[in-house]
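# Observations on chain architecture
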Amino acid sequence: MKQQVLKALANPARIFYVPYSVAVLNFAVQFIIFIIVFVIGLIINGASSNINPLFFLISVCIVHIILAGFSKKEPQLGQIISAKMYLLKKRIPRRLAA
């Protein structure tokens, strides 16, 4: 029983080698950026906008590969990011949040 608990803590859920929370956050941020760029393109150029969704997919894949590299070095990347966000929400000084 103890081995299963330790395994679950040591190996967080992953999506293609990236921790689940970080992968979802990456996709959400990239999608919001794409929607903003798409709407701005429609406002500026009207219906003849030349924004290609393929660039969005390529950027998601590139950032995902970079995150996979970082998470290989630091497997608890998702927990580190969520802990930092929690400390920033609580307005804890930077010298304590390091």
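Predicted model only: the values in this text are computed from it and were never measured. (Residues numbered from 1 in each chain as written. Predicted model: local features only at pLDDT ≥ 70, side-chain atom pairs only at ≥ 80, totals over all residues. Heavy atoms only, no water.)

## Describing the overall build of the protein chain
- Looking only at helices and strands, the protein chain features five helices and two strands.
- Starting at the N terminus and ending at the C terminus, the protein chain contains elements arranged as α-β-β-α-α-α-α.
- Out of the 98 residues in the protein chain, the part that is buried amounts to 19%.
- Residue pairs at least 24 apart in sequence account for 65% of intrachain contacts in the protein chain once pairs closer than 6 positions are excluded. (Helix = DSSP H or I, 4+ residues; strand = E, 2+ residues; numbered from the N terminus. Buried < 20%, exposed > 50% of the residue type's maximum accessible area, 1.4 Å probe, protein only. Contact = heavy atoms within 4.5 Å.)

## Comments concerning the nonpolar core
- Core analysis: the biggest nonpolar cluster contains six residues, these being Val 18, Val 22, Ala 23, Leu 67, Ala 68 and Leu 77.
- Counting only elements with at least two residues in this core, the list comes to α2 (20–45) and α3 (53–73).
- Leave out the neighbours within four places in its chain, and Ala 23 touches Ile 15, Val 18 and His 64. (Core = buried A, V, L, I, M, F, W, Y, C linked by side-chain atoms within 4.5 Å.)

## A look at the packing of α2 against α3
- Their axes nearest at 10 Å, the elements α2 and α3 cross at an angle of 150°. As judged from the angle between their axes, α2 and α3 are roughly antiparallel. Seen along the crossing, α2 lies across α3 with a hand that is right-handed. Here Val 22, Ala 23, Asn 26, Phe 27, Gln 30, Phe 31 and Phe 34 of α2 come into contact with α3, specifically with Pro 53, Phe 56, Ser 59, Val 60, Val 63, His 64 and Leu 67.
- In the contact of α2 with α3, the residues fall into ten nonpolar, four polar and no charged. (Axes fitted to C-alpha atoms, helices over the stretch in contact; angles between N-to-C directions. Parallel < 35°, antiparallel > 145°, perpendicular 65-115°, else oblique. Left-handed = near helix turned anticlockwise from the far one by under 90°. Nonpolar A, V, L, I, M, F, W, Y, C, P; charged D, E, K, R; others polar.)

## What about a nonpolar patch on the surface?
- A grouping of Phe 27, Phe 31, Ile 32, Ile 35, Ile 36, Phe 38, Val 39, Ile 40, Leu 42, Ile 43 and Ile 44 is seen on the molecular surface, where their side chains present a nonpolar patch of about 1,000 Å² in accessible area.
- With respect to the element layout, Ile 35 can be found in helix α2.
- On the accessibility criterion, Ile 35 (36% relative accessible area) is partly exposed. (Patch = residues over 30% accessible without salt bridge, like charges linked within 9 Å, V, L, I, M, F, W, Y side chains within 5 Å. Areas by Shrake-Rupley, 256 points an atom, 1.4 Å probe, with all protein chains shown as cover. Salt bridge = Lys/Arg side-chain N within 4 Å of Asp/Glu carboxyl O.)

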